[in-house]
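Close look at the chain arrangement
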Amino acid sequence: MATGTHTVEVPVGIDHVWDFVSDMEKWAKLVPGYNAHEMIDDKHSTWTFKGNVGVLKKTVEVEIIILEWVAPSKVTFELKGLSDNFTGNGYFLAESIDAENTKMTGFLEVVAGGLAGPVLNPIFKPIVPKATQMLTDRVANKIKLVHV
């Protein structure tokens, strides 16, 4: 199992953070390795990522299911590999510091299964924290550009 958590302070109110993270269309292209996504409905989508996993160049298809929208503070989701055997979950959490500053945390956990699991899980351990940090920072920076 690989996990990543990253927290940043965003110089905007919590409602601006919520406005951005509660709409996947606003941040989808910020996900590391993003290639494309398709919204099935407001809680289900499929995503395609391209990237390097160890020495392999790979395209991966993932189903994302929103489990919970808790305005204005949390979006929780789970993911399931459609092209490969892995599962995971994650969230964006926003906590108001004051009227003009918000602490935003991104979390992601991924577990590879099947025969490749023992090989992929150690490869995922350094990748998932870096990807979580990159996404959280990119989202925070985009929010700053839009609202500051």
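Here, every reference points to the structure presented above.
Presented here is an overview of the structure given in this document. (Residues numbered from 1 in each chain as written. Predicted model: local features only at pLDDT ≥ 70, side-chain atom pairs only at ≥ 80, totals over all residues. Heavy atoms only, no water.)

Some details on the overall build of the chain
Going by this rule: By the criteria applied, helices consist of DSSP H or I runs no shorter than four residues and strands consist of E runs no shorter than two, each listed in order from the N terminus. The atom set for the radius of gyration is the C-alpha atoms, and the globule formula is 2.2 Å times the number of residues raised to the power 0.38. Each residue's exposure class comes from its accessible area (1.4 Å probe, protein chains only) as a fraction of the maximum for that residue type: buried when under 20%, exposed when over 50%, partly exposed otherwise. Any two residues having at least one pair of non-hydrogen atoms within 4.5 Å are treated as being in contact.
Along the chain, the regular secondary structure elements total three helices and seven strands. For the chain, the C-alpha radius of gyration of 15 Å lies close to 15 Å, the compact-globule estimate for 148 residues. Within the chain, buried positions represent 41% of all 148 residues. Within the chain, contacts between residues at least 6 apart in sequence are counted, and of these 51% link residues at least 24 apart.

Describing the nonpolar core
In plain terms, the rule: Remark: nonpolar core denotes a set of buried residues (Ala, Val, Leu, Ile, Met, Phe, Trp, Tyr, Cys) joined through side-chain atoms within 4.5 Å.
The biggest cluster of nonpolar side chains holds 37 residues, and the ones touching the most others in it are Val-21, Trp-27, Met-104 and Val-139. For this core, the element with the most residues is helix α3 (residues 117-147), which contributes seven residues. Leaving out residues up to four positions away in the same chain, Met-104 has contacts with His-6, Thr-7, Val-8, Val-10, Val-17, Val-21, Leu-93, Ala-94, Thr-136, Val-139, Ala-140 and Ile-143.

What to know about the environment of Ile-123
Its location among the elements puts Ile-123 in helix α3. Taking the C-alpha atoms as reference points, Ile-123 and Pro-32, separated by 91 residues in sequence, lie 16 Å from one another.

Observations concerning the pattern of salt bridges
Here is the rule we go by: Here a salt bridge means any side-chain nitrogen of Lys or Arg lying within 4 Å of a carboxyl oxygen belonging to Asp or Glu.
Across all of its chains, the model carries three salt bridges by this definition. Close ionic contact of Lys-26 with Asp-19 constitutes a salt bridge, the shortest N to O distance being 3.1 Å. The class of Asp-19 is partly exposed, set by a relative accessible area of 36%. For the salt bridge of Lys-103 with Glu-95, the shortest nitrogen-to-oxygen distance reads 3.5 Å. Exposure remark for Lys-103: the relative accessible area of 34% places this residue in the partly exposed category.

Regarding unusual backbone geometry
Of note, the bond from Ala-71 into Pro-72 is cis; its omega dihedral lies within 30 degrees of zero at -5 degrees. Tracing the sequence through the fold places Pro-72 in the loop between β4 (56-70) and β5 (74-81).

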